[in-house]
Amino acid sequence: MDKRFILCILVICSLFMSCIWLGQRSFMDYDEATYAQVYHESLVRHDILTFTYLNQPWFKKPPLYFWLMDLSGSLLGEHEFSLRVPSALLLVVTILLVYAIVVTLTEDWKMGILSGVVLLSTAYYVFAGRQVRLDIPVTAGILLSLYGFIKTREHAWWWVLFAVGLAIGVLCKSVIGLLVFGVVLIYSFVYQEYSWLREKWFWLSTVLAFVLIVPWHLYELALFG
């Protein structure tokens, strides 16, 4: 059977499971309610750079997911569905990234499909992706960065994707995004491949990632010390 057809089925199933009845339930717990309130206050103040919670400065999380909520909220309105949409769509992205990573490593598209299906059938993972929560977004950043790293064996330009994924991870959930370095070290140990540590492109990509990460932090530092 054609792999593109099977991949399309996987994407459709992923979209269905991540988005069906997404806005039916109210915010479920403290985290969802807190993030929704932080976003709501940013709308009231017309300030999507500096966040508050109960009108007090709030620095517990970086801004990227709140920017994504602002995009979906602007298009769909401010409600449970729109604020959960970024996480739900990034859930689909992570499944595609797992597929791409496995295919790149094994050169077996069936193994890639199976890996995506296993992830999609992990109930708590899908449950987390259907909430205003940062776990799936940071996972997307880590997987994107890892995919870029693996593809650098083919061309140095893939280091740009590594940097973008690293920046996304950190801007979603702070230092948790740096866990990609741990995953890269595990990969290097398994494959006994450490030549990337001597490549200038690795170090330049890391610098690029921090160029993307630092401006918001410097802005908040200038405002609040």
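The coordinates are above.
Okay, so let's go over this structure. Per chain, residue numbering runs from 1 following the sequence as it is written. At least 70 in pLDDT is required for a residue's local features to be given in this predicted model, at least 80 for side-chain atom pairs to be given and counted, and no such filter applies to totals for whole chains, interfaces and linings, which use all residues. Computation of side-chain values: all heavy atoms of the structure, hydrogens and water removed.

### What to know about the packing of helix α7 (residues 135-151) against helix α9 (residues 179-191)
And step 1. Between α7 and α9, the shortest axis-to-axis distance is 9 Å and the interhelical angle comes to 40°. Judged by the twist between their axes, the crossing of α7 over α9 is right-handed. Here α7 contributes Ile-142, Ser-145, Leu-146, Phe-149 and Ile-150 to the contact with α9, which in turn contributes Leu-179, Val-180, Val-183, Val-184, Tyr-187 and Ser-188.
And step 2. For this classification, Asp, Glu, Lys and Arg are treated as charged, while Ala, Val, Leu, Ile, Met, Phe, Trp, Tyr, Cys and Pro are nonpolar and the rest, including Gly, are polar. Taken together, the residues of the contact of α7 with α9 break down into nine nonpolar, two polar and no charged. For helices, the fitted line uses only the C-alpha atoms of the stretch in contact; every axis is such a line through C-alpha atoms, and the angle between N-to-C directions lies from 0 to 180 degrees. Only DSSP runs of H or I reaching four residues or more are called helices, and only runs of E reaching two or more are called strands; each is numbered from the N terminus. For a crossing to be left-handed, the near helix must be turned anticlockwise from the far one by less than a right angle; the clockwise case is right-handed. Working rule for contacts: check all heavy atoms of both residues, and any pair within 4.5 Å makes them a contact.

### Some remarks on the pattern of salt bridges
And step 1. What makes a salt bridge here is a side-chain nitrogen of Lys or Arg within 4 Å of a carboxyl oxygen of Asp or Glu, nothing more. Evaluated as defined, the whole model comprises seven salt bridges.
And step 2. In this structure, Arg-133 engages Asp-29 in a salt bridge whose closest nitrogen and oxygen atoms are separated by 2.3 Å. Taken together, the positions of Arg-133 in the loop between α6 (123-129) and α7 and Asp-29 in the loop between α1 (3-19) and α2 (30-45) put the pair 104 residues apart, joining distant regions of the chain.
And step 3. Residue Asp-29 is classed as partly exposed on the basis of its relative accessible area of 30%.
And step 4. The closest approach of N and O atoms between Glu-32 and Arg-84, which form a salt bridge, is 2.9 Å. Of the two residues, Glu-32 is situated in helix α2 and Arg-84 in helix α4 (residues 80-106); the sequence distance between them amounts to 52 residues. Of the two residues, Glu-32 and Arg-84, neither departs from the other in class, the shared state being buried.
And step 5. Three or more residues are tied together by salt bridges with common partners; here these are Asp-29, Asp-31 and Arg-133. Buried means the residue's accessible area, taken with a 1.4 Å probe over protein chains only, is under 20% of the maximum for its type, while exposed means over 50%, and partly exposed covers the values in between.

### Quick word on α7
And step 1. Expected helix span is given by 1.5 Å per residue-to-residue step, counting one fewer step than there are residues. Here α7 contains 17 residues, and its C-alpha end-to-end distance of 24 Å stays within 8% of the 24 Å for a straight helix at 1.5 Å per residue.
And step 2. The element α7 is largely enclosed, with a buried count of 15 among its 17 residues.

### Re α2
And step 1. Here α2 is 16 residues long and its end C-alpha atoms lie 22 Å apart, about the 22 Å a rise of 1.5 Å per residue gives.
And step 2. Taken residue by residue, α2 has Glu-32, Thr-34, Tyr-35, Ala-36, Val-38, Tyr-39, Glu-41 and Ser-42 as its buried positions.
And step 3. On its buried face, α2 is in contact with β1 (52-53), α3 (64-76) and α4.
And step 4. For this analysis, a polar contact is any N or O atom pair within 3.5 Å, provided that within protein one partner can donate a hydrogen and the other can accept it, and provided that sequence-adjacent residues contribute only side-chain to side-chain pairs. Backbone nitrogen of Asp-31 and a side-chain oxygen of the N-cap are separated by 3.3 Å at the start of α2; the cap is Asp-29.
And step 5. Once α2 finishes, His-46 follows within two positions and takes phi at roughly 55°, a positive value.

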